[in-house]
Amino acid sequence: MRPSSGGTAVRLARLSRHCDERFLFVPMDHSVADGPIVPAARFNGLVRTAVEGGADAVVVHKGRAASIEAGLLRNCSLVVHLSASTAHARDADAKVLVGDVEEAVRLGADAVSVQVNIGSETESRQLADLGSVADACRRWNVPLLAMVYPRGPRITDPHDPALLSHVVNVAADLGADLVKTTWAVPLERMADVVESCPIPVLAAGGPSNPGVDPVAYATGVMAAGCAGLAIGRTFFESSSPARVIRALSAVVHRAPAGAGHDSLPADPLDPARPVPVR
């Protein structure tokens, strides 16, 4: 992790509740894009499950942040997401800013997040938004998580390792402290993405294919050198969210990759291929 100072360093430390510079974030901002993830009366219970299971932070939009019971976040950080679009738009990849850093600070946020879809029709505006939010984060000493994905009509392979290395470095160059992106195929090439980037890389939630074990996926991306995971649907769409979050927290916050193991984890996307430990 690159050096930070003052309030930014304090807040970055809070984002890793085990103080190991590893991160398990639970994005629950999907209700803007796709609709409610649970009935309103169950939302605080879902947050409680995430926190008690070991999540380091939850990611929500500003209105939802204001509705979370304050006591629930005593041992978990709050990340306020500033970008939005809906599935009903002509271009669902056209993210716009719907909040700002000062507003997030007033809500008690430990960090903010912004999404950029590289290759989308509105990429230039999204890049400008990322740059302006990064500037505000420096003024307010607030860490910035950039969610940067290869997504749009110009993208032919969103899991290409070279392309992912490019997009994570866009985040770093424009001032993000952490970057979340999709996984590489083959998964072992995620190590190349991580090695290219001067800031911690968090892997997005993983394939929605029911045949992919989320624990095996998490083990693979952590073995490849990722600093953590950002798991949303894998958590709240599970038949047992508590079990899933506990298992993923154990993977993210375990001993350094490979310690005490005689064999390498298999690539969950291709079990015949081991994931080299970096």
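Report follows, based on the coordinates. Predicted, not measured: the structure shown is a model, and the values here were computed from it.

### Some points on the overall build of the protein chain
When helices and strands are counted, the protein chain shows eleven helices and twelve strands. Looking at the protein chain as a whole, 53% of its 278 residues qualify as buried. The contacts in the protein chain between residues at least 6 apart in sequence include a share of 69% that link residues at least 24 apart. Split by element, the accessible area of the protein chain, about 11,900 Å² in all, is 51% carbon and sulfur.

### So, the sheet that holds strand β7 (residues 144-150)
The parallel closed barrel is built from eight strands, whose spatial order is β1-β2-β3-β6-β7-β8-β9-β10. Averaged over all adjacent pairs, the angle separating strand axes in this sheet is 25°, with direction ignored. Sheet topology places strand β1 (residues 23-27) next to strand β10 (residues 228-230); three bridges connect them, and they run parallel. Paired with Phe-25 across the bridge in β10 is Ala-230. Across the face of the sheet, helix α6 (residues 123-140) comes into contact with β6 (111-118) and β7 while running at roughly 160° to β6. Contacts from helix α11 (residues 241-252) reach β1 and β10, with the element oriented near 150° to β1.

### What to know about the packing of aromatic side chains
Counting across every chain of the model gives two aromatic pairs. Consider the rings of Phe-23 and Phe-25, whose centres lie 5.8 Å apart with planes at 70°: the pair is edge-to-face. For the pair Phe-23 and Phe-25, a shared accessibility class is recorded, and that class is buried. Ring geometry for Trp-183 against Tyr-217: centres 6.0 Å apart, planes inclined by 85°, an arrangement best described as edge-to-face. Taken together, the residues span a long stretch of sequence, with Trp-183 in the loop between β8 (178-181) and α8 (190-196) and Tyr-217 in helix α9 (residues 214-223) at a distance of 34 residues. The ring of Tyr-149 has Arg-151 sitting right over it, with the charged end atom 4.4 Å from the ring centre.

### Thoughts on the pairing of β7
Judged by how many residues are buried, β7 sits mostly within the fold: seven of seven residues are covered. Here β7 shows two buried faces, one formed by Leu-144, Ala-146, Val-148 and Pro-150 and the other by Leu-145, Met-147 and Tyr-149. When β6 meets β7, the two strands line up parallel, connected through seven bridges. Within the sheet, the bridge partner assigned to Val-114 lies in β7 and is Ala-146. You can see the chain leave β6, run along α6 and come back into β7, and the turn it takes is right-handed. Direction of pairing for β7 relative to β8: parallel, over a ladder of three bridges. When the bridges of β8 are listed, Met-147 appears paired with Lys-180.

How each quantity is defined
Counting restarts for each chain, with residues numbered from 1 along the sequence as it is written. Reporting in this predicted model follows two pLDDT cut-offs: at least 70 for local features of residues, and 80 or more for side-chain atom pairs to be given and counted; totals over whole chains, interfaces and linings ignore these cut-offs and use all residues. Hydrogens and water molecules were not included; the side-chain quantities draw on all heavy atoms of the structure. Each helix is a run of DSSP H or I of at least 4 residues and each strand a run of E of at least 2, with the numbering of both proceeding from the N terminus. Each residue's exposure class comes from its accessible area (1.4 Å probe, protein chains only) as a fraction of the maximum for that residue type: buried when under 20%, exposed when over 50%, partly exposed otherwise. Note on contacts: a residue pair qualifies if any of its non-hydrogen atoms lie within 4.5 Å across the two residues. Accessibility throughout is a Shrake-Rupley quantity obtained with a 1.4 Å probe, and a residue counts as covered only by protein chains that appear here. Here, any two strands with at least 2 DSSP bridges between them count as paired. Helix axes are fitted to C-alpha atoms over the stretch in contact, other axes to C-alpha atoms as well, and angles between N-to-C directions run from 0 to 180 degrees. Classification of ring pairs rests on two measures: the distance between centres of Phe, Tyr or Trp rings, Trp counted by its six-membered ring, which must be within 6.5 Å, and the angle between planes, read as stacked under 30 degrees, edge-to-face over 60 and tilted in between. Two limits define a charge over a ring: the Lys NZ or Arg CZ must be within 6 Å of the ring centre, and within 35 degrees of the ring normal. A crossover gets the label right-handed when its path from the first strand over the helix to the second runs clockwise, viewed with the strands pointing away from the viewer.

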